[in-house]
Amino acid sequence: MGTSGLIGEVLSCGWKQTNAKAKMGDDSENQLEVDPEDLVVEGCRMPVKMASANEWPLAEILSRKEVENRTIYYVHFIDYNKRLDEWVERDRLNLDKMQLPKKDAKTPVKDSSVSKGNCSSNSRASSPEREITNGGGGLNLMQRNKAAIGRKRKLPMNEAGAPASQQQMTGIPVIDNPSSPVSTPLSVSPTQLSQGQSLVPSFSQQSLSEYFSQSSQSEQQIPPAHQPRQTGSMATDKTHDDIITRMKNISMIELGRHRIRPWYFSPYPIELTVTPIIYLCEFCLKYVKSTKCLERHKAKCNLRHPPGNEIYRKGNVSFFEIDGRKNKSYSQKLCLLAKLFLDHKTLYYDTDPFLFYVMTEYDNRGFHIVGYFSKEKESTEDYNVACILSLPPYQRKGFGKLLIEFSYVLSQFEGKTGSPEKPLSDLGLLSYRSYWSQTILETVLKLQKSADGERPQITINEICETTSIRKEDVISTLQHLNLINYYKGQYIITLSPEVIEGHEKAMAKRKIRIDPKCLHWNPKDWSKRGKW
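Residues numbered from 1 in each chain as written. Predicted model: local features only at pLDDT ≥ 70, side-chain atom pairs only at ≥ 80, totals over all residues. Heavy atoms only, no water.

Caption draft 1: Structural detail: the overall build of the chain. A tally of helices and strands in the chain yields 13 helices and 20 strands. Classification of the 532 residues of the chain by burial places 38% in the buried group. Within the chain, contacts between residues at least 6 apart in sequence are counted, and of these 60% link residues at least 24 apart. (Helix = DSSP H or I, 4+ residues; strand = E, 2+ residues; numbered from the N terminus. Buried < 20%, exposed > 50% of the residue type's maximum accessible area, 1.4 Å probe, protein only. Contact = heavy atoms within 4.5 Å.)

In structure tokens:
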């Protein structure tokens, strides 16, 4: 071959390689032209614009669907309450900062060198517990687990050779029968501290600090969610939370004069969830799918108030006591309605162990539901509230505190202290803290000096007896308000002029109060009844 032929062959090869590279470049460009919207799948995270504000918090995509040839996404804003979750369109997604979901760990694939022959090529990998063997003795993990059953664990030993104490094992100090200072009288001193009134207790620093540390630890000792409670609790088991219950399934409900947008999931019949509005009878809470069905129901419904006994009436506010066993249908529908606005409580179709107290507002058309709370007939932990709710149209009008006050008035009639069932929702915690603060301050400020000019005295136990608020809630409220200070060797409760002024303004806004004289109710001892 000549020189010219060799050069021509080299040039042709170079031309072919150049064309091949060009084609590969065109293919790679075509492959890279992917719509970012196609990458948005369930579990992705990205900034999403909120509807109520010009903010772009991080949100997670829970679902997507096609509506009228466009894709919408259901998002949950991270570190925000689930009632803010909503369906959004693409223009509210910041796809440039999208975070793809993390892939779950795959099942370990069995090594082909371990066992062959009986296992086909397309069979599923066996469990590692049955296949991974101990290198030396050939004892597999399953056999070792069986051998370990019944084996006792040795207690840790301290330096002296004795079994370690609980504090040495966990690092948490153990308090054995701490002395309780709550029965020690708090004396109201006329002397001003920081230009404010002061309550001067006489108990020691060690006993009070131990008691406060113990009460704060007891508040944090909430039973794990995976362990069901044995007291008929309505607390939600978050371990069974799935993608269905995380999404709102109802767009709107109509209750009387109000149309309300729900906050959370509620297991209404699936054929109603596809309708734009669910219509409810405001007296019996029956749910229907259209206005025509609601009109037909109203023509047959004879109720103009909740079923049960009216135990309180003052002005246009009334309370009805409803037995969950005697009025099961109404109680279940009430739970369905409440679940639309309570995420931290689960729905119980077995309403027999509960009493429901429904607050209503009266006009010439009947008694309209405003809110309610439920309580167990027999509570081993002396809870006086299981669920509590004021409907959104009546919120921020004082009805929430009225429900709370009524629950404590019932506890006073029963002659015991009470506390709401934990956990509380964010709005519920704010309402209860506000009520506790106002009630405790109201009790303290009512104290008068004695005739000889000595400081009046009151104990924490006496505050509990006067207000029916549980001891732990009284102490936690004083700590939350930062009213307890250490001054000249004593713990004092300081009420500054700002605290007193704020309390007076708050009490001036509470124009609706519960009058115990208007309550016609006798507590029942449910433990002596064979059947509820």
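Caption draft 2: Structural view of the packing of aromatic side chains. Here the structure, examined in full by the defined rule, presents 17 aromatic pairs. Connected via pairs of aromatic rings, a cluster forms that spans Tyr-312, Phe-319, Tyr-357, Phe-373 and Phe-406. The ring of Trp-526 carries the charged tip of Lys-377 above its face, separated from the ring centre by 4.8 Å. (Phe/Tyr/Trp six-rings, centres within 6.5 Å; stacked < 30°, edge-to-face > 60°. Lys NZ or Arg CZ within 6 Å of the ring centre and 35° of its normal.)

Caption draft 3: Focus on a positive patch on the surface. A cluster of like positive charges, contributed by Lys-286, Lys-292, Arg-296 and Lys-300, occupies part of the molecular surface. Tracing the chain through its elements places Arg-296 in helix α7 (residues 291–300). (Patch = residues over 30% accessible without salt bridge, like charges linked within 9 Å, V, L, I, M, F, W, Y side chains within 5 Å. Areas by Shrake-Rupley, 256 points an atom, 1.4 Å probe, with all protein chains shown as cover. Salt bridge = Lys/Arg side-chain N within 4 Å of Asp/Glu carboxyl O. Lys, Arg positive; Asp, Glu negative; His and termini not counted. Charge placed at Lys NZ, Arg CZ, Asp CG, Glu CD.)

Caption draft 4: Representation of the layout of surface pockets within the structure. In this model, the largest pocket occupies a volume close to 1,200 Å³. Surrounding the largest pocket, 47 residues form its lining, Gly-400, Lys-401, Leu-427, Leu-430 and Ser-431 being those nearest its centre. Elements supplying a minimum of two residues to the lining of the largest pocket: β16 (387–390), α9 (399–414), α10 (426–445) and α13 (497–509). Top contributing element to the lining of the largest pocket by residue count: α10, with ten residues. For the lining of the largest pocket, a count of residues per class yields 23 nonpolar, 13 polar and eleven charged. (1 Å grid on protein atoms, 1.4 Å probe; cavity = no way out; pocket = protein on both sides within 12 Å on 5 of 7 lines; lining within 4 Å. Points joined across faces, edges and corners; volume = space filled by probe spheres on them. Nonpolar A, V, L, I, M, F, W, Y, C, P; charged D, E, K, R; others polar.)

Caption draft 5: The arrangement of the side chain of Thr-443 in detail. Along the chain, Thr-443 falls in helix α10. At 2.9 Å, the side chain of Thr-443 forms a polar contact with the backbone oxygen of Thr-439. Among residues more than four places away in sequence, those in contact with Thr-443 are Ile-458, Thr-466 and Thr-467. (Polar contact = N/O pair within 3.5 Å; in protein donor to acceptor, adjacent residues only side chain to side chain.)

Caption draft 6: Looking closely at the sheet that holds strand β3 (residues 70–77). Within the open sheet, the four strands sit side by side as β1-β2-β3-β4. Their pairing is antiparallel. Looking at which strands have only one partner, the edges of the open sheet turn out to be β1 (45–47) and β4 (86–88). Strand-to-strand twist across the sheet, computed as the mean angle between neighbouring axes with direction ignored, equals 50 degrees. (Pairing = 2+ DSSP bridges. Axes fitted to C-alpha atoms, helices over the stretch in contact; angles between N-to-C directions.)

Caption draft 7: Fine view of the pairing of strand β11 (residues 309–314). Alignment of β11 against strand β12 (residues 317–323), held across five bridges, turns out to be antiparallel. Looking at the pairing, Glu-310 lines up with Phe-320 of β12. Hairpin connection of β11 to β12: two residues between the antiparallel strands, including Gly-315 at a positive phi of 70 degrees.

Caption draft 8: Up close: the environment of Lys-326. Within the secondary structure, Lys-326 is located in the loop between β12 and α8 (328–339). Classification of Lys-326 as exposed rests on a relative accessible area of 58%. For the pair Lys-326 and Pro-307, spaced 19 residues apart in sequence, the C-alpha separation works out to 9.6 Å.

Caption draft 9: Broad picture of the UniProt feature "active site" (unreviewed entry) in the chain. With numbering aligned to this structure, UniProt lists the feature "active site" (unreviewed entry) at Glu-421. Considering the arrangement of structural elements, one finds Glu-421 in the loop between β17 (419–420) and α10. (UniProt positions renumbered as here; feature names shortened; annotations may be inferred.)

Caption draft 10: Structural view of the nonpolar core. Formed by 73 residues in total, the largest nonpolar core has its most connected members in Ile-253, Phe-319, Leu-337, Phe-341 and Phe-406. In terms of residue count, the dominant contributor to this core is α9 (eight residues). If we ignore the near neighbours within four places in the chain, the residues touching Phe-319 are Asn-309, Glu-310, Ile-311, Tyr-312, Val-358, Met-359, Leu-402, Leu-403, Phe-406 and Ile-514. Ranked by size, the runner-up nonpolar core spans 14 residues in total, among them Cys-44, Val-48, Leu-95 and Met-98. (Core = buried A, V, L, I, M, F, W, Y, C linked by side-chain atoms within 4.5 Å.)

Caption draft 11: Quick look at the side chain of Ser-390. Among the structural elements, Ser-390 can be located in strand β16. Owing to a relative accessible area of 14%, Ser-390 belongs among the buried residues under this scheme. The contact partners of Ser-390, leaving out residues within four places of it in the chain, are Val-370, Gly-371, Gln-395, Gly-400 and Leu-403.

Caption draft 12: Representation of the environment of Val-40 in the model. Mapped onto the fold, Val-40 is located in the loop between α1 (3–32) and β1. Taking C-alpha positions, Val-40 is 7.9 Å from Ile-61, a pair spaced 21 residues apart along the chain. Excluding its chain neighbours within four sequence positions, the residues that come into contact with Val-40 are Met-46, Ile-61, Arg-64, Tyr-73, Leu-95 and Met-98.

Caption draft 13: View of the pattern of salt bridges. Summed over all chains, the structure comprises 18 salt bridges. In this structure, Asp-343 and Lys-82 form a salt bridge, with 3.1 Å as the shortest nitrogen-oxygen distance. In this pair, Asp-343 sits in the loop between α8 and β13 (354–363) while Lys-82 sits in the loop between β3 and β4, placing the two residues 261 residues apart along the sequence. Summarising the burial analysis for this pair, Asp-343 and Lys-82 share the class buried. Between Glu-405 and Arg-510 there is a salt bridge, with its nearest N and O atoms 3.2 Å apart. Placement of the pair is Glu-405 in helix α9 and Arg-510 in the segment after α13, with a sequence separation of 105 residues. Here the salt bridges do not stand alone but share partners, grouping Glu-405, Glu-442, Arg-510 and Arg-513 into one network.

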